[in-house]
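Now for the letters of each chain:
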Amino acid sequence: MIGKRSEEKQIVTLMIELYCRKNHRREIICSDCEELIDYAATRLDKCMFGDEKPACKHCLVHCYKPVMREKIREIMRWAGPRMIFYRPGAAVRHMLSKPLRKRMRT
Ligand SMILES: [Zn+2]
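Scoring rules and cut-offs
Residues numbered from 1 in each chain as written. Predicted model: local features only at pLDDT ≥ 70, side-chain atom pairs only at ≥ 80, totals over all residues. Heavy atoms only, no water. Helix = DSSP H or I, 4+ residues; strand = E, 2+ residues; numbered from the N terminus. Buried < 20%, exposed > 50% of the residue type's maximum accessible area, 1.4 Å probe, protein only. Donors = N, O, S within 2.8 Å, 3.2 Å for Na, K, Ca; no water. Tetrahedral: all angles 85-135°; square planar, octahedral: opposite > 155°, others 65-115°. Phe/Tyr/Trp six-rings, centres within 6.5 Å; stacked < 30°, edge-to-face > 60°.

Undergrad: Got a sec to walk through the environment of Ser 6? Specific residues and values, please.
TA: Relative to the assigned elements, Ser 6 resides in helix 1 (residues 4–24). Given a relative accessible area of 36%, Ser 6 falls into the partly exposed group.

Now the structure itself:
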């Protein structure tokens, strides 16, 4: 069983790679997108919720700095629906993970 964070890291990486390939039209990932992958991975490593973390969009702590948050949001908006075709299991699990607040009450 792999940790939630390593799975999330994989998903984020896949989404950014996919976005870059289709939108920036590069053979290999561009430096901007690579930086974003690194940044997202670091945020996940430092996440205060550890492997108990909710999906980032439900997270109460917005730990991304604004410019990175804008970028990642755009990528998620674009890549989110497409992930169903590329990685159905991971994408569905990701979308089904409950918001933190709800989970704490139960
Ligand atoms: Zn790119």
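Undergrad: Could you give an account of the coordination of the zinc ion, naming the residues involved and the relevant values?
TA: Listed as protein donors to the zinc ion are Cys 20 (SG), His 24 (ND1), Cys 30 (SG) and Cys 33 (SG); their distances from the metal cover 1.8 to 2.4 Å. Around the zinc ion sit 4 donor atoms; with metal-centred angles ranging over 104 to 117°, the donor geometry is tetrahedral. On the primary sequence, the residues serving as donors to the zinc ion are separated as C-x3-H-x5-C-x2-C. Here Cys 30 matches Cys 33 in class, with each residue buried.

Undergrad: Can you break down the packing of aromatic side chains residue by residue, with the values?
TA: According to the stated counting rule, one finds 2 aromatic pairs in the structure shown. When the ring of Tyr 19 is compared with that of Trp 78, the centres are 5.5 Å apart and the planes differ by 85°; the resulting orientation is edge-to-face. Here the residue Tyr 19 occupies a position in helix 1, and Trp 78 occupies one in helix 3 (residues 66–86), the gap between them amounting to 59 residues. A relative accessible area of 19% places Trp 78 in the buried class. Between Tyr 39 and Tyr 64, the aromatic rings sit 5.4 Å apart at their centres with planes inclined by 80°, giving edge-to-face as the arrangement. Taken together, the positions of Tyr 39 in helix 2 (residues 31–46) and Tyr 64 in the loop between helix 2 and helix 3 put the pair 25 residues apart, joining distant regions of the chain. Tyr 39 sits in the buried class, given a relative accessible area of 15%.

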